[in-house]
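# Geometric and topological summary
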Amino acid sequence: MLFSKRLREAADASWEASFSHPFVTGIADGTLPLDRFKHYVLNDAYYLSCFAQVQALGAAKATDLHTSNRMAAHVQGTYGAELSLHEKFSGMLGITDEERSSFQPAPTAYAYTSHMFRAAYTGHLGDIIAAILPCYWLYYEIGERLQGAKPDEPIYREWIAAYGGEWFKELVQEQIDRLDAIADTVTEADRERMQRSFLISSRYEYLFWDMAYKKEQWPV
Ligand SMILES: Cc1ncc(CN)c(N)n1
């Protein structure tokens, strides 16, 4: 069985929980209150800037120039496509420069990014891709499932269009194929560690919706 198939099966319960989370279903039917989406956008901008750094660490840890180049291209994708989408959302949501400069990540955003940095600093490229792959793959599956949805809110329609698009599908498949190729060359202990990391990221993806939905803050 392909390693990616094994990961997808192992993560199925937490991915199903993401598909049916009220934050996600609220984007699909347009009922999600905008203040919760704003909390998501602020935290996600932080998340994506860390994600790009982790992708760059993947470029540095790759063992051939082609892969370094591709991981660096993915950094540009995060910056040019996803973070610029957030810039647009920030304008539409009226997020001020002051709000952005004084923003501090919520506990879940901080914990999830710390998990990715841990994989990047302690592992090899396979560990990095295992930790970041749910970010690509889960969003693509959500984008695909939501394609038929036509929420009244324009921001939600744009969000759905971005993640269900062909450009994103190609990037996701490229990282799945890369991880499968690496998994063939490492030990079973490595594969088990990568699987644990993939599952932790999958659970954090669920918690990230929940963080935004509940407008999570530090308790003290
Ligand atoms: C938390 C999270 N996970 C995934 C994605 C999609 N790259 C995102 N924007 N934010």
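Further up the page is the structure itself.
The rules behind these values
- Residues numbered from 1 in each chain as written.
- Predicted model: local features only at pLDDT ≥ 70, side-chain atom pairs only at ≥ 80, totals over all residues.
- Heavy atoms only, no water.
- Salt bridge = Lys/Arg side-chain N within 4 Å of Asp/Glu carboxyl O.
- Helix = DSSP H or I, 4+ residues; strand = E, 2+ residues; numbered from the N terminus.
- Buried < 20%, exposed > 50% of the residue type's maximum accessible area, 1.4 Å probe, protein only.
- Contact = heavy atoms within 4.5 Å.

## Overview of the pattern of salt bridges
Enumeration according to the criterion identifies 16 salt bridges in this entry. Taking the shortest distance from any N to any O, the salt bridge between Arg 8 and Glu 141 comes out at 3.0 Å. Of this pair, Arg 8 sits in helix H1 (residues 3-10) while Glu 141 sits in helix H8 (residues 125-145), and the two are 133 residues apart along the sequence. You'll find Arg 8 and Glu 141 in the same group, each marked buried. Arg 191 is paired through a salt bridge with Glu 188; the nearest N and O atoms lie 2.8 Å apart. Taken as a pair, Arg 191 and Glu 188 lie in helix H11 (residues 188-213) at a separation of 3 residues, close to a single helical turn. Overall, the relative accessible area of 33% leaves Glu 188 in the partly exposed class. If you follow the salt bridges from partner to partner, you end up with Arg 6, Glu 188 and Arg 191 in one network.

## Some points on the environment of Leu 125
Positionally, Leu 125 belongs in helix H8. Residue class for Leu 125 comes out buried when judged on its relative accessible area of 10%. Distance from Leu 125 to Ile 182, taken between C-alpha atoms, is 8.3 Å for residues 57 residues apart in sequence. Leave out the neighbours within four places in its chain, and Leu 125 touches Gly 58, Ala 62, Thr 67, Met 71, Arg 178 and Ile 182.

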